[in-house]
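# Chain and residue survey
The lines below spell out each chain.
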Number of protein chains: 2
Amino acid sequence: MDIRAGLLAGNKRAAARLITMIENGDPEAIEIIKENYAKIGKARIIGITGPPGAGKSTVTDKLAKLVRKQGKKVAIIAVDPTSPFSGGAILGDRIRMSDLNTDEGVFIRSMGTRGALGGLSKSVHGAIKVMDIFGCDYIFVETVGVGQSEIDIVKVADTVLMVMVPGLGDDIQAIKAGIMEIGDVFAVNKSDREGAEKTATEIEIMLDLNGMTEYRPPVKNIIAKDNKGIEELWDAIEKHYEYMVSSGNFSKRRQNAIETEILEIFKQNLLDKVEKLEKKGEYLSDLIKKVFNKQIDPYTAAIELSNILNKEGGE
Amino acid sequence: MDIRAGLLAGNKRAAARLITMIENGDPEAIEIIKENYAKIGKARIIGITGPPGAGKSTVTDKLAKLVRKQGKKVAIIAVDPTSPFSGGAILGDRIRMSDLNTDEGVFIRSMGTRGALGGLSKSVHGAIKVMDIFGCDYIFVETVGVGQSEIDIVKVADTVLMVMVPGLGDDIQAIKAGIMEIGDVFAVNKSDREGAEKTATEIEIMLDLNGMTEYRPPVKNIIAKDNKGIEELWDAIEKHYEYMVSSGNFSKRRQNAIETEILEIFKQNLLDKVEKLEKKGEYLSDLIKKVFNKQIDPYTAAIELSNILNKEGGE
């Protein structure tokens with residue numbers, strides 16, 4: 001299959017293949033993105049996050065269907081913060097989207113953590129670019145919004161939708177506090193459940209405390225599985241976009257996303273270098289043993305590693 | 001206050017101050033750790049993780065009390081994966097521990113995310129060292145086990161206790177799948193709730209699928225708030241430690257933790273350099289603008305950043 005031609009012709013398999021190449025760190029994939037870089041920037045990126053069990057997949061599903069009715073092309077990138085082993089787990093989630101999967105205008109991809117050293121973020125950024133080149137109008141990036149790495153991923157979005165749910169445990173307070181800064185639109189899902197009003201009120205209070213100025217994130221009650229409140233939710237997402245463009249914040253946020261991405265790529269390149277050195281000369285193993293035997297401390301080891309890299313790991 | 005003398009004399013305020021210095025990136029703090037590096041390695045590090053709402057704080061509380069009865073010195077480091085804003089949120093959790101807080105043999109510290117670029121992990125590693133030098137026998141590191149960055153933090157532990165709970169939402173499957181690899185001991189908390197048996201069985205099945213060899217992680221039913229099953233849980237943690245030592249895996253794991261830490265410090269040092277350059281010459285801003293205007297792509301920008309660093313950012 002010619003991936004370059006396939007990608008531009010709207011062939012889903014070509015796009016899927018390219019994302020896999022990115023995940024595998026294939027330099028050819030980066031070349032293809034570079035060649036098409038001028039095409040990037042048309043898609044709107046919507047991040048969907050929230051605590052486990054909030055029903056993010058169902059919300060994404062319904063929003064995607066709504067957008068599809070307008071004849072738009074949609075991508076859903078579901079980020080799984082766990083491990084390569086969890087393919088099966090995410091699959092369960094994704095099965096609910098089977099009717100979307102057969103729709104030619106919808107591309108769905110689950111992405112898991114590859115290694116522990118920041119590769120996931122680089123892969124997700126890459127996949128978003130592929131979907132943009134592929135001609136998607138909207139790219140939904142769905143992730144569990146608890147860890148810092150997931151928050152970083154969702155920061156590439158133009159609009160961040162935070163899906164909350166009534167009656168989660170104690171930790172939810174901590175999650176909410178961290179979330180306030182990144183949520184542009186809030187949805188209280190399963191709002192027929194006990195405590196929905198309380199959850200909505202808590203969010204409003206925290207938004208009050210946060211002291212928003214020009215733009216106040218709206219809080220919408222929805223029941224995603226019954227498709228209730230989805231249109232109103234989408235309107236709120238559209239309104240946020242309009243605010244972002246008219247206020248000039250849109251290009252500011254895109255520039256922040258670019259900054260995050262450059263630094264992520266930079267970090268990953270350095271780590272790739274460390275890995276290469278490790279394979280070649282066992283420098284790192286040597287340093288680990290020295291620290292373990294208390295001949296040196298880890299801070300000194302990190303500087304020695306850096307010196308080795310400067311000498312031998314140059315471009 | 002003389003921090004060096006205070007630390008070795010067992011002054012809690014000196015230890016707390018030193019951890020704050022680490023969080024603020026004060027190089028003097030690193031110097032103090034370096035000077036005392038030979039003292040490090042005596043404390044046992046127990047990671048406690050699990051999904052939001054599982055009752056990790058209560059479990060940690062009860063385990064700490066049990067260990068205190070044996071006359072051991074204990075530290076609790078509660079890692080908050082959210083933001084500097086969430087101090088108040090964690091405080092709620094920590095209030096439950098107030099009776100521990102007045103105990104001279106217990107040191108409690110909450111640590112939040114400082115910046116988005118990996119500083120938290122470095123700070124937590126540093127705090128663990130401070131507690132080790134401080135003479136703690138056990139260091140409990142408690143964190144929400146969902147994101148990759150939190151999993152990385154908990155990897156420094158000699159034993160990882162995974163606290164699960166019956167009846168969490170859909171995402172729990174994904175979390176569980178990622179957790180299987182790092183859990184040494186499993187606790188099903190709130191096991192008087194409906195679905196507790198099902199949760200325990202699901203964990204056992206996943207452990208079966210995982211194909212454990214020499215060591216099989218035990219699954220313990222507990223009700224932490226009523227102190228039920230806590231002694232059995234502690235026995236299981238002790239047995240895991242005995243297995244680790246007798247099998248030789250203990251030193252292997254410590255070496256892995258050292259590797260993680262050297263790489264974390266190395267990464268953080270590089271990012272600090274980038275930040276310094278940024279302040280000095282606005283190199284990064286320039287690159288961001290070029291990418292935004294599509295004069296270059298982010299992959300090229302990352303390499304240019306690296307070249308600038310090699311030229312001007314050397315030690």
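Once that is clear, we can look at the overall build of chain A. Of the regular secondary structure elements, chain A holds 14 helices and seven strands. For chain A, buried positions account for 52% of its 315 residues.

Residue and element names in this part refer to chain A. Overall, the prediction assigns chain A a mean pLDDT of 82, with 82% of residues at 70 or greater. By mean pLDDT, the top-scoring element of chain A is helix α11 (residues 230-247) (97), and the lowest-scoring one is helix α5 (residues 87-95) (42). Scored below 50 in pLDDT, residues 83-93 shows 26 contacts in the model against residues more than four places distant or in partner chains. Overall, residues 114-118 carries pLDDT values under 50, and its contacts beyond four positions in sequence, including any with other chains, amount to twelve contacts. Overall fold confidence (pTM) sits at 0.66, and the ipTM for the predicted complex is 0.76.

Residue and element names in this part refer to chain A. Summarising burial for strand β4 (residues 138-144): seven of the seven residues are buried, a large majority. Here β4 shows two buried faces, one formed by Y138, F140, E142 and V144 and the other by I139, V141 and T143. Bridge analysis of strand β1 (residues 44-50) against β4 gives seven bridges, and the strand direction is parallel. Each residue of the ladder has a partner; that of T49, found in β4, is T143.

Okay, the environment of E181 of chain A next. Along the chain, E181 of chain A turns up in the loop between α9 (172-179) and β6 (185-188). Sequence spacing of E181 of chain A and L207 of chain A is 26 residues, and the spatial spacing of their C-alpha atoms is 9.2 Å.

What follows deals with helix α13 (residues 283-292) of chain A. Residues and elements named next belong to chain A. Listing the buried residues of α13 in full gives L284, L287, I288 and V291. Burial along α13 is one-sided: seen end-on, the buried residues are contained in an arc of 100°. Structural note: α13 exposes S285 and D286 on the side pointing more than 90 degrees away from its buried face. With its phi angle positive at about 60°, K294 sits one or two positions after the end of α13.

This next bit is on the packing of helix α4 (residues 56-69) of chain A against α11 of chain A. Residue and element names in this part refer to chain A. Close contact between α4 and α11 brings their axes to 10 Å; oriented N to C, the two are set at 75°. Here α11 runs roughly perpendicular to α4, going by the angle between their axes. The residues of α11 that touch α4, namely those facing K62, L63 and L66, are I230, E231 and W234. The residue inventory of the contact of α4 with α11, partitioned by class, reads four nonpolar, no polar and two charged.

Turning next to the nonpolar core. Nonpolar side chains tend toward joint burial in soluble globular proteins. Residues V141 of chain A together with V141 of chain B are the most contacted members of the largest nonpolar core, which totals 164 residues. Those residues within four positions of V141 of chain B in sequence are excluded, and the remaining contacts are I45, G47, I48, I77, V79, V124, I128, I153, V154 and A157 of chain B.

Residue and element names in this part refer to chain B. Within the sequence span of helix α3 (residues 27-35), burial applies to A29, I30, I32 and I33. Projected down its long axis, α3 carries its buried residues within an arc of 160°, all on one side. Along α3, exposed side chains directed more than 90 degrees from the buried face belong to P27, E28, E31 and E35.

This next bit is on the packing of helix α2 (residues 12-23) of chain A against helix α3 (residues 27-35) of chain A. Two measures define how a pair of helices packs: the angle their axes make with one another and the distance between the axes. Residues and elements named next belong to chain A. Running from amino to carboxyl end, α2 crosses α3 at an angle of 125°, the nearest separation of the two axes being 7 Å. One element, α2, and the other, α3, form an angle in the oblique class. Where α2 crosses over α3, the two elements pack in a sense that is left-handed. Contacts between α2 and α3 involve L18, M21 and I22 from the former and E28, A29 and I32 from the latter. The residue makeup of the contact of α2 with α3, split by class, is five nonpolar, no polar and one charged.

A separate point is the pairing of strand β1 (residues 44-50) of chain B. Judged by how many residues are buried, β1 of chain B sits mostly within the fold: seven of seven residues are covered. Judged by which residues are buried, β1 of chain B turns out to be covered on both faces: R44, I46, I48 and G50 of chain B on one side and I45, G47 and T49 of chain B on the other are all buried.

Residues and elements named next belong to chain A. Phi is positive for N227, close to 65°, though the residue is something other than glycine. On the secondary structure map, N227 appears in the loop between β7 (219-221) and α11. Since 14 C-beta atoms lie within 10 Å of it, N227 is described here as partly exposed.

About the cut-offs
- Residues numbered from 1 in each chain as written.
- Chains lettered and ligands numbered in written order.
- Predicted model: local features only at pLDDT ≥ 70, side-chain atom pairs only at ≥ 80, totals over all residues.
- Helix = DSSP H or I, 4+ residues; strand = E, 2+ residues; numbered from the N terminus.
- Buried ≥ 20, exposed ≤ 12 C-beta atoms within 10 Å, placed from the backbone.
- pLDDT = per-residue confidence, 0-100.
- Contact = placed C-beta atoms within 7 Å.
- Pairing = 2+ DSSP bridges.
- Arc of directions from axis to C-beta.
- Axes fitted to C-alpha atoms, helices over the stretch in contact; angles between N-to-C directions.
- Parallel < 35°, antiparallel > 145°, perpendicular 65-115°, else oblique.
- Nonpolar A, V, L, I, M, F, W, Y, C, P; charged D, E, K, R; others polar.
- Core = buried A, V, L, I, M, F, W, Y, C linked by C-beta atoms within 7 Å.
- Left-handed = near helix turned anticlockwise from the far one by under 90°.

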